[in-house]
Amino acid sequence: MCSSDLISLTVTGTSIVQGSTVETTGAVLYTGAASLGGNITTTTSGAVTVTGAVTLTDDVTVNTVIGKQNITFNSTVDGAKALVLSAGTGTITMTGAVGGTTDLMSLTATGGSIVQGSTVDTTGSVLYTGAATLGGNITTTDNGSFEVTGATTLTAGVTVNTAAGNQSITFGSTINNGQALILNAGTGNVVMTGAVGASTNLSSLTITGTNITQGSTLTTTGAILYTGAASLGGNITTAANGAFQVTGAATLTAGVTVDTSAGNANITFNKIGRAHV
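All of these numbers come straight from a predicted model, not from anything done at the bench.

A. Molecular detail of the overall build of the chain. Along its length, the chain carries zero helices and 29 strands. Its C-alpha atoms give the chain a radius of gyration of 21 Å, within 12% of the compact-globule value 19 Å for 277 residues. Projected onto its principal axes, the C-alpha coordinates of the chain cover approximately 65 × 30 × 30 Å. Taken over 277 residues, the chain has a buried fraction of 44%. Surface accessibility of the chain: about 10800 Å² in total, with carbon and sulfur atoms responsible for 50%. Counting 4 positive and 10 negative side-chain charges, the chain places the centres of these two groups 15 Å from one another.

B. Seen up close, the packing of aromatic side chains. Counted by the stated rule, this structure contains four aromatic pairs. Pairing Tyr 128 with Phe 146 gives two aromatic rings, centres 5.9 Å apart and planes at 85°, and the pair type is edge-to-face. Linking Tyr 128 in strand 14 (residues 126–134) with Phe 146 in strand 16 (residues 146–148), this pair joins segments that are 18 residues apart in sequence. What makes Phe 146 buried here is its relative accessible area of 1%. Their ring planes at 65° and their centres at 5.8 Å tell us that Phe 146 and Phe 171 sit as a pair that is edge-to-face. Of the two residues, Phe 146 is situated in strand 16 and Phe 171 in strand 19 (residues 169–171); the sequence distance between them amounts to 25 residues. Phe 171 shares its class with Phe 146; the two are buried. Among the aromatic residues, ring-to-ring pairing joins Tyr 128, Phe 146 and Phe 171 into one connected group.

C. Molecular detail of the environment of Gly 135. With respect to the secondary-structure elements, Gly 135 resides in the loop between strand 14 and strand 15 (138–140). Considering only alpha carbons, one finds Gly 135 and Val 196, 61 residues apart in sequence, at a separation of 17 Å. In this structure, Gly 135 is in contact with Gln 116, Gly 117, Ser 118, Thr 155 and Ala 156, ignoring residues within four places of it in sequence.

D. Layout of the sheet that holds strand 28 (residues 258–259). Taken in spatial order, the three strands make up an open sheet running 24-26-28, and their pairing is parallel. This sheet does not close on itself; its edge strands, each paired only once, are strand 24 (218–220) and strand 28. Sheet analysis places strand 24 next to strand 26 (residues 236–238), joined by three bridges and oriented parallel. The partner of Thr 219 across the bridge, within strand 26, is Thr 237.

E. Structural detail: the pairing of strand 14. Pairing geometry for strand 12 (residues 106–116) and strand 14, over eight bridges, is parallel. If you follow Leu 107 over to strand 14, its bridge partner there is Val 126. Looking at chain direction, strand 14 and strand 16 are connected through three bridges and run parallel. Bridge pairing in strand 16 places Val 126 opposite Phe 146. Here strand 14 pairs with strand 17 (residues 152–154) via three bridges, running parallel. Residue pairing across strands places Ala 132 opposite Thr 152, the latter belonging to strand 17.

F. Expanded view of the environment of Ser 204. For Ser 204, the location among the structural elements is in strand 23 (residues 204–214). On a C-alpha basis, the gap between Ser 204 and Leu 181 in space is 6.3 Å, while along the polypeptide they are 23 residues apart. Ignoring any residue separated from it by four or fewer positions in sequence, one finds Ser 204 in contact with Gln 179, Ala 180, Leu 181, Thr 220 and Ala 223.

G. Local environment of the nonpolar core. Core analysis: the biggest nonpolar cluster contains 58 residues, and Leu 85, Tyr 128, Phe 146 and Tyr 226 have the highest contact counts within it. Phe 146 has contacts with Val 126, Tyr 128, Leu 134, Ile 138, Val 160, Thr 162, Ser 168, Ile 169, Thr 170 and Phe 171, leaving out every residue within four places of it along the chain.

H. Molecular detail of unusual backbone geometry. Its identity as a non-glycine residue notwithstanding, Asn 166 has a phi of 50°, on the positive side. Inspection of the secondary structure puts Asn 166 in the loop between strand 18 (158–161) and strand 19. Notably, Asn 177 is not glycine yet its phi reads approximately 110°, a positive angle. Positionally, Asn 177 belongs in the loop between strand 20 (175–176) and strand 21 (180–184). Given the relative accessible area of 25%, Asn 177 is considered partly exposed.

Definitions and cut-offs
- Residues numbered from 1 in each chain as written.
- Predicted model: local features only at pLDDT ≥ 70, side-chain atom pairs only at ≥ 80, totals over all residues.
- Heavy atoms only, no water.
- Helix = DSSP H or I, 4+ residues; strand = E, 2+ residues; numbered from the N terminus.
- Rg over C-alpha atoms; globule rule 2.2 N^0.38 Å.
- Buried < 20%, exposed > 50% of the residue type's maximum accessible area, 1.4 Å probe, protein only.
- Areas by Shrake-Rupley, 256 points an atom, 1.4 Å probe, with all protein chains shown as cover.
- Lys, Arg positive; Asp, Glu negative; His and termini not counted.
- Charge placed at Lys NZ, Arg CZ, Asp CG, Glu CD.
- Phe/Tyr/Trp six-rings, centres within 6.5 Å; stacked < 30°, edge-to-face > 60°.
- Contact = heavy atoms within 4.5 Å.
- Pairing = 2+ DSSP bridges.
- Core = buried A, V, L, I, M, F, W, Y, C linked by side-chain atoms within 4.5 Å.

Structure follows, in structure tokens:
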């Protein structure tokens with residue numbers, strides 16, 4: 001902590017312009033639209049909140065990790081810059097569209113819980129380290145991968161699209177909630193490590209990638225389509241009226257049961273693969 005750190009910073013205005021860095025021991029609250037041109041750090045126990053639209057005029061890191069405090073953006077975030085949000089075990093909330101007007105360069109968020117309330121558009125990578133709630137599509141428009149390390153909850157139908165750069169899509173834990181999930185990596189790889197739909201069935205799952213890795217079980221109410229080669233490591237169940245199809249070679253890494261009997265739907269393997277059980 002610097003001896004000159006403010007205790008806290010509270011600013012209210014139609015337009016708030018932060019031209020350089022901000023360091024406080026406590027909370028930072030911007031009530032209004034904010035232009036951010038430098039890092040924001042709370043060095044003891046302070047949350048950071050911006051209520052209005054945010055424009056990045058430089059690469060920005062918001063760091064509340066020492067006090068494990070929340071970081072909240074209540075509106076949109078735009079600007080062709082890199083944004084890093086580090087809350088330790090605090091919660092990160094992005095309510096509005098991120099990169100909706102001008103794609104961010106990249107987005108990196110670390111928190112106990114990461115809430116994405118709308119869409120995210122970047123030219124580069126998106127990395128969520130922690131559990132994530134996804135409420136909108138995620139698109140990397142140039143050469144960026146997408147990764148979530150923690151459990152994922154879908155609050156809307158979500159499409160993750162990294163096809164422009166043929167980059168990887170990785171879910172490091174479980175995925176749940178009754179929504180449609182579309183993952184399009186182009187010729188990149190897609191990895192789902194944890195169980196998908198185990199707590200709450202997904203409505204459907206559609207994946208495109210060169211190599212698709214399903215590391216655990218998968219349960220949906222509707223159809224499952226893997227366009228690409230698939231490595232299957234757990235049972236696959238469509239609980240209502242969904243067919244199952246793999247267009248590429250399938251490799252079994254565990255004993256697998258594919259069950260579409262609830263809706264008497266088709267099961268299709270377009271190519272002969274291998275079993276490694």
